[in-house]
Amino acid sequence: MDRLRSLVDYLLPAPAKSPDGRDQWPSRAAFLLAAMGGCAGMGNLLRYPSQVFNNNGLQWFIPYLMCVFLIAIPVLVLEIAIGQAYRGGCVVANNSVHHRLKGVGLSLLYVGFVISPYFVANLAWIMRYFRSSFQSPLPWEGRGEAFFYEDVVANVDPVPGNFSVDGSTVVKYTSYPGVGMIGETVGWTVFTWFLVWISIFRGVGLTGRVVYFTMGLPIVITLILIGRSLSLENASQGVKLFWATWNGDKLASGEIWQTACGQVFFSTGVGFGYFTSYASYNQKYSNAVMDSILIVTSNVLFENIAAFAVYGVVGFLGLFPQDGVRLGSFTVGFITLPSAVTQMPGANFWAVLLFFTLMVLGYSSAFAMVDALVTLVMDAQPRWNRSLVVTAIVVLFFLLSLPYCTEFGYYLLTGIDRWTNDVALVFVVWAECVTSTTVYRWQDVVGQVGLPAFIIFNSGFFSGMVLGVAIAQAVSPAAGAGVGFGLFIICTTASVVAGKSPDKPAPSWWQKNVFTRRLWFLALYSGNQLRQDLNEIIGRDNNWSIPSFWGPLIRYVSAPILAIVYSFSYPSFYKLREDPLHILGFAVGHIALLIIGSGFVIPRWLNVLVPPTRRGEGKLDIGANVSPKNAQSEETDGIEVANKSSREGEDVSRTMIQ
């Protein structure tokens, strides 16, 4: 029995413990691979090539790289830094930033909660292809679209709805006559959820080993697939389409900017919550900034290199962009690549490699999202048995996956996926950017410049974004920019004039006069102070520190970009409002907004998700320019002085009595 227990502990190791008693990754490499595995998935190998195809040409990299450097990296620094510094998952960490931000943390987990069930159903379709890859000839040979839509998805065609002649009202809503369950899809869904369960039920000790497989093997196989793809006839034409073509007119369309932003979020995993949870199991003084940059840049490299596996196939099949014709990620993964495989020597071998790679990449992303929810529960109830918590969550998710295993599941997936990404995900990341740099230690700002000035300034900041993007969509971009910047400038000027004179110094240049000091506290203090306080922990020794431009970047660059991208969702939905499943997806996406808003207005309703001993962490009020570390030292010194005085008083009393 002892030998059996030793074998189980070796194969399924329990996690090591940090000095504070929290579970800890077995190594930094394990954390990095787990984080990379969460973001490196089908979004890299399938979704990315399809988005590049639809926006063919080098101009794609302008919005794409802007989103990477102006949004993804700065926000990922925030997510990893607070998880590591505050030693908690999304809700606990955001509560430590400010007690009204628990809703922001929960909304991150909500995104993963919505996506995980249909993501696994998608993996079930891949397993159907994987099983069929052992048949000769391949069953989709000569009938790629028919095999996917009729055999795998097996959805009954909907009855289309329609609008009135002028398009103002819905005359008839789309209906979906197919409601039956598809047995094989259900079976593979059960299998995939079992893989998720076995990968995380023992904690990061086991997950830290699993990720070496889920990341290492797919990378090797992907390189093999790239080599085979580029060896195909006319493969160079597909590569040329992406790397030697310029279509600058596409940059004038909001679609390419929205697509690039959505792709960066989907492929890097920003906004899904698992980075904060994973980082909470790091050593407290790990190099969070370097890790963030490594994760994002490795993901960018992987998806751009892995895309060559599709570029070669595009040239081989002679697929070139046409006006009004789009290439979807499902088309790439389930039609384009499989069709190319049938024309290769050793087709079965290449089919097995392709779908095995897609499956492993996909399920590593799935268990990352589930693990973030497990961390939420274990943070709130640390005495609960982790294995039972994982089992309960996996069973719940399996039940939520069942609607996607039906004869209307593909259409349901399309509706939920679109608006979860375009509405919920973009708004959640926007909320991360603006709330962390607005409410963190806001009492310090009010103490220096007064509450009226604080309210005026932030009213201009938020109303400028909201009204600016609304008018840009309703009237014109120029009008929206004029209103947005105008409101912000007017309110900023009014707040600087109305504010009281700070009694604490501002940094160098801002110390020139009373007006620049007021502007510093109003516009930059919260983000800068959050940066400094986080650097007290994550920037120790030789670790990289969060740079000084980080706070202004996420507040005044990342947030407005996200607001603009978010605004494109409403005109897009208006064109699809006759479809009940798109209406459902649109509503599901907006629940994230309700979670954030209600958590901010009534923060106590989420206290159950935070351990009682940590609920007061987000109510820090220690005065401007004072670090929590120094405040704690002063408090400790004060307690020691009080205790010393008390002991001296007791000695005097005893002497008098004697």
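Residues numbered from 1 in each chain as written. Predicted model: local features only at pLDDT ≥ 70, side-chain atom pairs only at ≥ 80, totals over all residues. Heavy atoms only, no water.

The chain is annotated in an unreviewed UniProt entry as Sodium:neurotransmitter symporter of Metarhizium rileyi. Database annotation for the chain, UniProt heading Subcellular location (unreviewed entry): "Membrane". (UniProt positions renumbered as here; feature names shortened; annotations may be inferred.)

Asks: Could you clarify how one ought to interpret the domain arrangement of the chain in this entry?
Replies: The extent of an interface is frequently quoted as the accessible surface area lost upon association of the parts. Partitioning the chain into domains gives domain 1 (29-319 + 327-439 + 575-609) and domain 2 (440-546). Placing the centre of domain 1 and that of domain 2 at their C-alpha centroids yields a distance of 34 Å. Contact residues are listed per partner, giving 24 residues for domain 1 and 20 residues for domain 2. Between domain 1 and domain 2, a total of about 1,800 Å² is buried, with carbon and sulfur atoms accounting for 69% of that surface. It is Tyr285, Val289 and Thr438 that lose the most area in domain 1 upon contact with domain 2, and together they represent 29% of the buried surface on that side. Summed over the shared surface of domain 1 and domain 2, the number is zero salt bridges. At the boundary of domain 1 with domain 2, the tally comes to seven residue pairs in polar contact (both at pLDDT 80 or more). Among the secondary structure elements, those contributing two or more residues to the side of domain 1 that touches domain 2 are α4 (61-86), α13 (288-306) and α18 (409-436). The dominant element in the side of domain 1 that touches domain 2, judged by the number of residues it contributes, is α4, at seven residues. (Domains from an automatic or database assignment. Contact = heavy atoms within 4.5 Å. Buried area = accessible area lost by both parts, 1.4 Å probe. Salt bridge = Lys/Arg side-chain N within 4 Å of Asp/Glu carboxyl O. Polar contact = N/O pair within 3.5 Å; in protein donor to acceptor, adjacent residues only side chain to side chain. Helix = DSSP H or I, 4+ residues; strand = E, 2+ residues; numbered from the N terminus.)

Asks: Is there a simple way to explain the pattern of salt bridges in this structure?
Replies: Side chains that differ in sign of charge can pair as their charged atoms come close. Following the criterion strictly, the structure yields 10 salt bridges and no others. A salt bridge links Arg22 to Asp379; the nearest nitrogen and oxygen atoms lie 3.0 Å apart. Within this pair, whereas Arg22 is found in the loop between β1 (16-17) and β2 (23-24), its partner Asp379 is found in helix α16 (residues 347-380), the two being separated by 357 residues in sequence. Judged by relative accessible area, which is 13%, Arg22 ranks as buried. Residues Asp291 and Arg28 are paired through a salt bridge, measuring 2.5 Å at the closest nitrogen-oxygen approach. Here the residue Asp291 occupies a position in helix α13, and Arg28 occupies one in helix α2 (residues 28-39), the gap between them amounting to 263 residues. The exposure class of Asp291 is buried, given its relative accessible area of 0%. Classification of Arg28 as partly exposed rests on a relative accessible area of 37%. Connected through shared salt-bridge partners, Arg128, Arg131 and Glu184 make up one network. (Buried < 20%, exposed > 50% of the residue type's maximum accessible area, 1.4 Å probe, protein only.)

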